[in-house]
Amino acid sequence: MSQSTSHSTIAPAPARPASPPQAPAPSLIGALELDVRFLGMVGALAVIWIVFDFLADGTFLTPRNLWNLSVQTASIAVMSTGMVLVIVMRHIDLSVGSILGVTGMIMAVFQASTLMPTFGFNHPAVVVLTLVSGVAIGALIGTLHGFVIAYLGVPAFIVTLGGLLVWRGAAWAVAEGKTIPLVDDHFKLLGGGADGSIGAFWSWVVAAMACIVIVLATVQARRQRQRFRFPLKPVWAELVTAGAGCLAVIAATLVVNAYTLPAALARRYAEANGLTVPPEGLAISFGFAVPVLVALAIGVIMTFVTTRTRFGRYVFAIGGNPEAAELAGINTKRVTLMVFALMGALAAIGAAISTARLNSATNAQGTLDELYVIAAAVIGGTSLAGGAGTVAGAMLGALVMQSLQSGMVLMRVDTPYQNIVVGIVLVVAVWVDTLYRKRFK
Amino acid sequence: MATQGSTSPTASAPLVDMRDISIAFGGIRAVDGVNVDLYPGEVVGLLGHNGAGKSTLIKILAGAYRPDSGEIRINGEKAEIGNPRDAKRYGIETIYQTLALADNVDAAANLFLGREIMTPWGTLDDVAMEAAAREVMGRLNPNFRKFKEPVRGLSGGQRQSVAIARAIHFNAKILIMDEPTAALGPQETAQVAELIKQLKAEGIGIFLISHDIHDVFDLADRVSVMKNGKLVGTARTTDVTKDEVLGMIIMGKSPPGAIAGPGAVH
């Protein structure tokens with residue numbers, strides 16, 4: 001790279017209105033300002049899906065399987081958004097599976113032993129207080145980890161390795177190893193299923209809102225750049241990116257709405273709601289599952305946190321150069337503590353989703369989840385060297401991991417062989433990413 | 001003549017007065033009873049071999065280290081500098097030898113690191129920060145275009161201009177430049193010299209740290225020389241020759257034109 005120095009002196013130029021410098025020769029990808037790595041992952045996911053569909057005799061790319069896939073991914077995807085920040089800051093969290101276990105257990109016990117007797121069956125306060133208490137405990141556990149890491153200087157690997165053992169043991173201790181069934185029906189909605197889905201109409205409402213947000217965000221970003229007379233993307237490029245986003249939303253909605261209740265369940269639903277069943281049968285769509293919407297909402301919030309807030313900026317700056325961040329006056333210890341607290345809270349949300357899906361909490365829940373979460377973040381382009389990673393990438397990574405497992409289940413591959421494949425894919429994915437980084441950075 | 005140890009805060013009180021500063025790391029006294037001062041519109045060269053304690057001394061002023069003993073006076077009043085934020089509050093800005101840039105974020109994010117411009121909604125105003133970055137970088141390095149790229153992708157000179165821009169954008173009163181031209185070619189070095197003269201004319205006090213006397217001698221009003229953590233002496237550049245200053249750096253010998261410090265050999 002040549003040094004671009006000027007021949008003029010440094011004397012301050014009069015504050016001329018910044019004339020937009022000409023953008024370099026526009027390539028297609030350059031003009032669209034696309035994230036090449038993200039596109040590559042979308043491509044890889046498409047290949048995985050098509051190959052599995054072929055190998056599993058057309059059972060993979062069905063609305064039913066894709067719907068299931070989305071629900072199965074939700075819990076890991078939620079946690080991967082926090083793991084991105086942890087890894088970006090050059091730390092690791094090995095304890096998320098155990099935090100999931102203990103918070104899930106506490107939520108189930110608290111709900112059954114205290115909240116239900118106090119408020120009564122299916123009282124709305126039960127679900128709210130269950131979640132609040134679970135998330136608070138998760139955040140507290142994370143804060144404890146963060147404190148030991150940031151202020152006592154014990155490496156995150158060790159602290160969270162200890163946490164992995166401690167909280168798994170604590171999950172057992174909460175109910176002495178018993179499996180605790182969930183009692184609140186509202187809470188169970190978080191697990192998905194026929195009840196925990198929003199149906200065709202509301203799915204379209206969500207899709208419409210998402211498209212409106214995409215368009216407004218595009219317009220807003222463009223206005224901002226116009227305000228300062230910065231170089232703008234060509235209009236066609238804006239249309240292509242916003243259009244692609246909306247198309248993806250619409251496609252996803254079509255898929256989840258194409259998954260309908262089995263005939264028997266549909267009849268029962270019709271009876272319960274006083275509908276008459278037409279002779280050709282009743283098509284009642286699942287629509288988006290609640291856990292998937294929760295995961296997507298968290299994805300949006302976490303993307304906002306990482307890219308638009310001071311906290312997110314500091315996380316990345318610390319990951320890029322901890323010393324520089326410190327010299328810039330950033331309280332790096334506090335940021336570290338907050339990142340681990342956030343990770344704990346997200347693990348608790350993951351716990352709510354996965355316990356609700358199983359209708360009960362067990363002390364083994366979330367075992368090995370820490371590895372899937374880390375793998376999702378890393379496959380999603382988070383660099384273990386710190387400083388680089390995106391929330392969307394990590395969530396896509398979670399989907400890739402779950403797609404592999406789901407595909408192999410459809411192919412009737414035994415679990416040990418599934419693990420072998422997933423392990424190899426993880427290593428290969430990171431190797432490919434390393435090659436990419438060397439080539440393009 | 002400006003001397004050390006001036007007493008009561010007066011109108012002519014030095015901008016910075018570091019008195020009897022000491023700091024030790026694991027038994028090694030990196031800085032040992034050093035006195036230096038700096039007046040508005042003055043450039044003081046801080047010279048010495050690698051490991052003489054120059055960078056450690058200025059890191060104390062910049063808030064990166066807390067001294068074991070000694071005090072810092074700013075405009076004659078005792079200053080409590082416990083961290084880099086405190087230093088910045090006193091108008092002390094630092095260009096570190098390592099540049100201290102976060103390589104993975106862009107120029108604007110580095111420029112405003114720790115002092116981000118926020119929107120009324122409490123989110124980062126990246127567009128406003130980029131606009132300000134374009135303005136200040138336009139003065140320092142008019143050909144600079146890579147506003148969207150992580151600073152990792154910039155050349156040494158461009159990275160240096162980002163670090164300098166960060167220091168001068170926030171109305172510094174006291175500027176610390178640690179080996180500011182180490183990564184630069186001759187032309188860029190001349191540019192930095194030009195900048196120093198301009199900032200000096202604006203009344204900013206500058207500590208210029210270097211191990212190379214040639215970088216400093218022509219720009220500095222005074223030089224303070226350190227050796228093995230101790231001050232060899234301080235001299236006006238008009239009162240001593242380059243060779244004499246070299247003698248201070250290499251042998252720790254304080255010439256007649258200088259005020260000898262505790263580190264001078266007799």
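Residues numbered from 1 in each chain as written. Chains lettered and ligands numbered in written order. Predicted model: local features only at pLDDT ≥ 70, side-chain atom pairs only at ≥ 80, totals over all residues.

Draft legend 1. The arrangement of the interface of chain B and chain A in detail. The interface is formed by 41 residues belonging to chain B together with 37 residues belonging to chain A. Put simply, the parts of the chain that give the side of chain B that touches chain A at least two residues each are helix H2 (84–89), helix H4 (126–140), helix H5 (156–169) and helix H6 (186–201) of chain B. If you tally residues by element for the side of chain B that touches chain A, the top one is H4(B), at eight residues. Of the residues contributing to the side of chain B that touches chain A, the split by class is 16 nonpolar, 14 polar and eleven charged. (Contact = placed C-beta atoms within 7 Å. Helix = DSSP H or I, 4+ residues; strand = E, 2+ residues; numbered from the N terminus. Nonpolar A, V, L, I, M, F, W, Y, C, P; charged D, E, K, R; others polar.)

Draft legend 2. Local environment of helix H6 (residues 156–175) of chain A. Residues and elements named next belong to chain A. The end-to-end C-alpha separation of H6 is 28 Å, in line with the 28 Å expected for 20 residues at 1.5 Å each. Restricting attention to buried positions, one finds in H6 the residues Ala-156, Val-159, Thr-160, Gly-163, Leu-164, Trp-167, Arg-168, Ala-171 and Val-174. Among the structural elements, helix H4 (96–119), helix H5 (124–150) and helix H15 (369–379) are those in contact with the buried residues of H6. In the stretch just after H6, Glu-176 is the one whose phi turns positive, near 50°. (Expected span 1.5 Å × (residues − 1). Buried ≥ 20, exposed ≤ 12 C-beta atoms within 10 Å, placed from the backbone.)

Draft legend 3. Geometry of the sheet that holds strand S3 (residues 43–47) of chain B. All names here are of chain B. In spatial order, the strands read S6-S7-S8-S3-S9-S10-S11; together these seven strands make up an open sheet with mixed pairing. Looking along the sheet, the strands with just one partner apiece sit at the ends: strand S6 (92–95) and strand S11 (259–260). Where strand S7 (residues 174–178) meets strand S8 (residues 205–210), five bridges bridge the pair, whose relative direction is parallel. Counted as the bridge partner of Met-177 is Leu-208 from S8. Along the sheet face, H6 touches S3, S7 and S8 and points at about 150° away from the line of S8. (Pairing = 2+ DSSP bridges. Axes fitted to C-alpha atoms, helices over the stretch in contact; angles between N-to-C directions.)

Draft legend 4. Representation of the nonpolar core. Grouped together as the largest cluster of nonpolar side chains are 181 residues, with contacts concentrated most on Met83(A), Val339(A), Ala376(A), Leu61(B), Phe207(B) and Leu208(B). Taken together, domain 1 (1–91 + 173–266) and domain 2 (103–170) of chain B each give at least three residues to this core, which thus spans both. (Core = buried A, V, L, I, M, F, W, Y, C linked by C-beta atoms within 7 Å. Domains from an automatic or database assignment.)

Draft legend 5. The arrangement of the confidence of the model for chain A in detail. Per-residue confidence for chain A gives a mean pLDDT of 89; residues scoring 70 or more make up 92%. In this model, residues 1–25 of chain A is a region of pLDDT below 50 whose contacts with residues beyond four sequence positions or in other chains number 39 contacts. (pLDDT = per-residue confidence, 0-100.)

Draft legend 6. Here's a closer look at unusual backbone geometry. Residues and elements named next belong to chain A. Positive phi values are uncommon outside glycine, yet Glu-176 reaches one of about 50°. When you line up the elements, Glu-176 lands in the loop between H6 and strand S1 (180–181). At Asn-359, a position not held by glycine, the phi torsion is positive, near 65°.

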